[in-house]
Every structure is written in structure tokens, then in C-alpha cells.
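Survey of secondary and tertiary structure
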Amino acid sequence: QVQLVESGGGSVQAGGSLRLSCVASGYIRNSECMGWFRQASGKEREGLASINKYGTTWYAESLSGRFTISQDNDKNTLYLQGSSLKPEDTAMYYCAARPAGGSFCSLGTTAYNYWGQGTQVTVSS
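Residues numbered from 1 in each chain as written. Predicted model: local features only at pLDDT ≥ 70, side-chain atom pairs only at ≥ 80, totals over all residues. Heavy atoms only, no water.

1. Considering the layout of surface pockets
Space inside the largest pocket adds up to approximately 150 Å³. If you go around the largest pocket, you meet 15 residues; those closest to its centre are Arg29, Asn30, Met34, Gln71 and Asn73. Taken together, the residues that form the lining of the largest pocket break down as 4 nonpolar, 7 polar and 4 charged. (1 Å grid on protein atoms, 1.4 Å probe; cavity = no way out; pocket = protein on both sides within 12 Å on 5 of 7 lines; lining within 4 Å. Points joined across faces, edges and corners; volume = space filled by probe spheres on them. Nonpolar A, V, L, I, M, F, W, Y, C, P; charged D, E, K, R; others polar.)

2. Quick look at the pattern of salt bridges
Tallied over the full model, the rule gives 4 salt bridges. Each member of the salt-bridge network shares a partner with another, and the members are Arg38, Glu46, Arg66 and Asp89. (Salt bridge = Lys/Arg side-chain N within 4 Å of Asp/Glu carboxyl O.)

3. Focus on the state of the cysteines
Scanning all chains against the criterion turns up 2 disulfides. Covalently, cysteine 33 is tied to cysteine 105 through a disulfide, its sulfur atoms 1.9 Å apart. Measuring the twist about the S-S bond at about -85°, one finds the cysteine 33-cysteine 105 disulfide to be left-handed. Taken together, the positions of cysteine 33 in strand β4 (residues 33–39) and cysteine 105 in the loop between β9 (91–98) and β10 (114–115) put the pair 72 residues apart, joining distant regions of the chain. For cysteine 105, a relative accessible area of 1% corresponds to the buried category. (Disulfide = S-S within 2.5 Å. Helix = DSSP H or I, 4+ residues; strand = E, 2+ residues; numbered from the N terminus. Buried < 20%, exposed > 50% of the residue type's maximum accessible area, 1.4 Å probe, protein only.)

4. Notes on the side chain of arginine 66
If you trace the backbone, arginine 66 turns up in the loop between β6 (57–59) and β7 (67–72). Its relative accessible area of 10% is what places arginine 66 among the buried residues. Excluding anything up to four places from it in sequence, arginine 66 contacts Gln81, Gly82, Ser83, Ser84, Leu85, Lys86 and Asp89. (Contact = heavy atoms within 4.5 Å.)

Below is the structure:
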């Protein structure tokens, strides 16, 4: 069974922190690339961070160092740690996987084959 399941979303005050988790099942648990994306209401889905199976990471410059992507291979889990959250961080957050291909992990949505259902993050002021 191939599945990505996100969790950890919720409501948080501006300046607060959240850690999102994504559990990968089946073939995608050993993916070449995994990434975090978000989509605010009425906006396009944007890439935030990615990580390859060797632990190399990439980040969108717009995050300004407020997010960290990591993985626990033993638990088949991807994480996104967010801090100093702002109201503009309010969005549905998705994890994604690309099981095969090269080890450079794009932040473009079309580079990924599998997607979770998302977890909502709401940051209030």
C-alpha cells in the first residue's frame, strides 16, 4: 500500500511553532525525494522544502529560515518544523514523494508523484 499521511496541523498564535509529520507507507518510504508544500486559499501550491534519501535539503528562500525539514528513516516519517509563524503561513500543508529519479529534489509540484491529503495550519494574530 502506497500512502502519505500528514498530521500535526492546527491553530497557533503568531510567533508560535508547529511540527508537522508525514508518515510514508509502501514503496514511497524509500523515496528519492520528499518535500513539503503548502497552498493558501485562492493561491497556487508552493514548495517549501525538500530532502533526498541521503539527507540533502533544499529550501524556498521565502521561508527566511523559519522552517526545517527532516526525516526519521526508522519511522518512515518526514517532518517540517515551523517557528516564528505568521498569519501568511496559514495554508493547507502537504507532503509529497518522488520514489525514483535523480537525487536533486525540485520544489516544483510537477516533480512529485505522490501526495498526502494535507493538514491545515492556521496562524492567528
